[in-house]
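Architecture at a glance
Spelled out from the first residue to the last, the chains are:
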Amino acid sequence: MGHEHPTPAEDAALARQALEAGDLRHAYFHAAGAFSAEPLESAHHALLDAILERAGEGALELSTPRGGDYYGLFAARAFALRRAGELRAAVD
């Protein structure tokens, strides 16, 4: 029996629910899933922006990868770095 991954729409919905509940790490995780699957979708950009805005000065800490993270979190990290004006770090 395999593990079913959420669709981008499901990830975005889970991210919005977590954001409303104040669970920014969980919100970021699911927003990263939606963003990495559909990187050109402006709604996913807006969702990441809302999460990072709520995180305030902790936004880059929130987006710091940890051991075992999947590629979606690295893609969202680049988004967060670009948003913070750290373009060189975003593409490294």
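Keep in mind the model is a prediction, meaning the values are calculated, not measured.

**Details of helix α3 (residues 42-55)**
When the terminal C-alpha atoms of α3 are compared, their 20 Å separation across 14 residues agrees well with the 20 Å that a helix rising 1.5 Å per residue should span. Every buried residue of α3 is accounted for by H44, L47, L48, I51, L52 and A55. Down the axis of α3, the buried side of the element spans an arc of 130 degrees, and every buried residue falls inside it. Exposed side of α3, more than 90 degrees from the buried face: S42 and E53 are the residues found there. On its buried side, α3 packs onto α1 (8-21), α2 (24-37), α4 (59-62) and α5 (71-83).

The rules behind the values
Residues numbered from 1 in each chain as written. Predicted model: local features only at pLDDT ≥ 70, side-chain atom pairs only at ≥ 80, totals over all residues. Heavy atoms only, no water. Helix = DSSP H or I, 4+ residues; strand = E, 2+ residues; numbered from the N terminus. Expected span 1.5 Å × (residues − 1). Buried < 20%, exposed > 50% of the residue type's maximum accessible area, 1.4 Å probe, protein only. Arc of directions from axis to C-beta. Contact = heavy atoms within 4.5 Å.

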